[in-house]
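Structural characterization, general
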Amino acid sequence: MTTHAAIRRGTQGAIVDRVRDALTRLGPVARGETVVAGVSGGPDSLTLLHVLHRLSSEQGFVLHAAHYDHGLRGERSAAEARVVAAIGEQWGVPCTVETAATGDIDARGRGLQAAARLARYAFFDRVADVVGARWIATAHTADDQAETVLMRWVRGAGTTALAGIPAVRGRVIRPLLEISRAEVEAYVAECGVTPVRDPSNDDPKFLRARVRREVMPALRALNPRAVHAMARSAALLADDAAWLDAAARAACDRVRVESGPEWVDLDKRPLGDLPMAIRRRVIRFAVAGLGVAMDHFSAERIDAAAHGCAERTSGRLTLGLGLRIEFASNRVRLTREIERAPALPVVLAREGEYRLSAWGVVVRVRRTEAFLRNRPFGRWEAAFDSDRLPGMLSVRSRRPGDYVFPEGMRGRRRVQDLLVDERVPSWRRAAIPVLTAGDAVVWVVGFRRDRRYHPKPGGPAIEVEVASVGVPGQKEARP
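Residues numbered from 1 in each chain as written. Predicted model: local features only at pLDDT ≥ 70, side-chain atom pairs only at ≥ 80, totals over all residues. Heavy atoms only, no water.

1. Overview of the overall build of the protein chain
In plain terms, the rule: Every helix listed is a DSSP run of H or I at least four residues long, and every strand listed is a run of E at least two residues long, numbered separately from the N terminus. Computation of the radius of gyration draws on C-alpha atoms alone. For the globule rule, the value is 2.2 Å times the number of residues to the power 0.38. The rule is simple: take the accessible area with a 1.4 Å probe, protein chains only, and divide by the maximum for that residue type; under 20% is buried, over 50% is exposed, in between is partly exposed. Whether two residues are in contact is decided by their heavy atoms, any of which lying within 4.5 Å being enough.
Across its full length, the protein chain carries 14 helices and 22 strands. Against the compact-globule benchmark of 23 Å for 479 residues, the protein chain has a radius of gyration of 32 Å, which places it well outside the compact range. Reported as C-alpha extents along the three principal axes, the dimensions of the protein chain are approximately 105 × 45 × 40 Å. When each of the 479 residues of the protein chain is scored for burial, the buried share is 46%. Look at the contacts in the protein chain between residues 6 or more apart in sequence, and 70% of them connect residues 24 or more apart.

Listed below in structure tokens is the structure:
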């Protein structure tokens, strides 16, 4: 292995120039900042470390290497970790090495390679936090980009996914993304660096290895610069996706009505009027706002949800990972599927104030022996003839079979039908408090009172006033 005194023009000098330019474009990486380089010991990552070592002294940033032993190949991967540590010591680059503990690589529901990647990036983040790094550099090449695009393409990915591996995401930068694997191999050969080779990179049980060994050679036969052409296409798509994402984020802000930790309500009409490309992204961003990564959902589910936002006025659709989307005439709700026990009824046995957190309301009860009122009731007020009430007042949630004789209407109506007529979304109906006397519903709070129990002027009455204190999904219920 050689030091950077061996750097000369040719492949080495050209790659150094291109990485220097990438650090300026992607960061920029400034003097005094710390860069953590993820190093596996393979040719790509050793090239990255070798180049960054030279540029760190030239440009004044601090370099720190990080190697994660996934613990999946026993002594062989442990030996690779020792090689990386030795290279760091030889080049004067501080190096943090960590071996995965049992259970750190959780492949359930995502596959071994994806789980290993998550664990590796979590390690890089921890190292960056400890050393105070502004940037984390990884050694993805143009070939990695082309392979990623192909794997996503055969799965039917959209524009964002076909943009491939981003050159910069958060504090992760990829300075080799426009450099081919062939150029990397020439670099390590010129400068005398001896990389380690991970045999799993050629294991045909992994899709990437099959693409690398079977598909890419065929594409190069059609176009010797296929890797660069695909990388260029990915970069163009990334520009398009960035514009669409910006437009969708602005649209998401416009159509979001309200939200909580476990749900978000969107205004259905403007959402349904959005172009499909924007509408899909709005749904993904709304899902991401609930703490679920956007790439965990199939394109088919997102498409069904996006079409539903324009076409459906009722029903629900399961998205997966404990999320569902529900449709109403004027709202669309994305929510976590969390089962909750129904709220217990609260008896209003005496005058005073009752704070009912299950419904997000405060109820004030007052009795009078001579009811007099010179103005009409507001939506959040009611009064009842205490002599005619069939039982003690209480507050509960709607139940199947509940009905009311609504004032201003003939006959009786099921509470369910009344709420549908009032265009109350299905997910809100359980949150609407119902005032009862015995078994009779006397008030669907905020909507209709029962006409049978109106108080007589000058007679005994119970007056009830309700004020919202903010229950999720109750924006319309505020007095």
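2. Re the sheet that holds strand β1 (residues 34-38)
Across a sheet, paired strands are connected by hydrogen bonds in the backbone, their directions being either parallel or antiparallel. This is how it is decided: For two strands to pair, DSSP has to find at least two bridges joining them. Only the contacting stretch of a helix is used when fitting its axis, a line to C-alpha atoms as for every element, and angles between N-to-C directions run 0 to 180 degrees.
If you trace the six strands from one edge of the open sheet to the other, you get β3-β2-β1-β4-β6-β5, paired in mixed fashion. The open sheet is flanked by β3 (95-99) and β5 (168-169), the only strands paired with a single partner. Pairing geometry for β1 and strand β2 (residues 62-69), over five bridges, is parallel. Across the sheet, the residue bridging to valine 36 is histidine 64, located in β2. Running over the sheet, helix α4 (residues 112-131) touches β1, β2, β3, β4 (135-137) and β6 (172-173) and is turned about 145 degrees from β2.

3. Focus on the pairing of β2
The line we're drawing: Handedness of a crossover is defined as follows: with both strands directed away from the viewer, a clockwise route from the first strand across the helix to the second makes it right-handed.
The buried fraction of β2 amounts to seven of the eight residues, a majority that puts the element mostly inside the structure. Note on the crossover from β1 through helix α2 (residues 43-59) to β2: the handedness is right-handed. Pairing geometry for β2 and β3, over five bridges, is parallel. Residue pairing for β3: tyrosine 68 is matched across the bridge by glutamate 98. Following the chain from β2 across helix α3 (residues 75-91) to the adjacent parallel β3, one finds a crossover that is right-handed.

4. What to know about the packing of aromatic side chains
Under the convention used in this document: For this analysis, a ring pair means two rings from Phe, Tyr or Trp (six-membered ring only for Trp) whose centres lie within 6.5 Å, classed as stacked if their planes differ by under 30 degrees, edge-to-face if by over 60, and tilted for the remaining angles. The criterion for a charge sitting over a ring is simple: Lys NZ or Arg CZ within 6 Å of the ring centre, and within 35 degrees of the ring normal.
The full count for this structure, using the stated rule, is five aromatic pairs. Centroid distance tyrosine 121 to phenylalanine 124: 5.7 Å. Interplanar angle 70 degrees. Geometry classified as edge-to-face. Placement of the pair is tyrosine 121 and phenylalanine 124 together in helix α4, with a separation of three residues, close to one helical turn. Assessed through its relative accessible area of 5%, phenylalanine 124 is described here as buried. With a centroid separation of 6.3 Å and 20 degrees between ring planes, the pair formed by phenylalanine 371 and phenylalanine 377 is classed as stacked. Exposure remark for phenylalanine 371: the relative accessible area of 8% places this residue in the buried category. Site record: aromatic cluster; members linked through ring pairs are Tyr68, Tyr121, Phe123 and Phe124. A cation over an aromatic ring shows up here: arginine 333 above the ring of tryptophan 263, its NZ or CZ 4.3 Å from the ring centre. Across from the ring centre of tyrosine 403, 4.0 Å away, lies the NZ or CZ of arginine 412, which sits over that ring.

5. Side note on the side chain of arginine 449
Going by this rule: Polar contacts, as counted here, are pairs of nitrogen or oxygen atoms within 3.5 Å of one another; within protein the pair requires one atom able to donate a hydrogen and one able to accept it, and residues that are adjacent in sequence qualify only if both atoms are side-chain atoms.
Its place among the elements puts arginine 449 in strand β21 (residues 448-449). For arginine 449, a relative accessible area of 12% corresponds to the buried category. One polar contact links the side chain of arginine 449 to the main-chain carbonyl oxygen of glycine 378, over a distance of 3.1 Å. There is a polar contact of 2.5 Å between the side chain of arginine 449 and the backbone oxygen of glutamate 381.

From the geometry alone we can't say anything about function, so treat these as descriptive.
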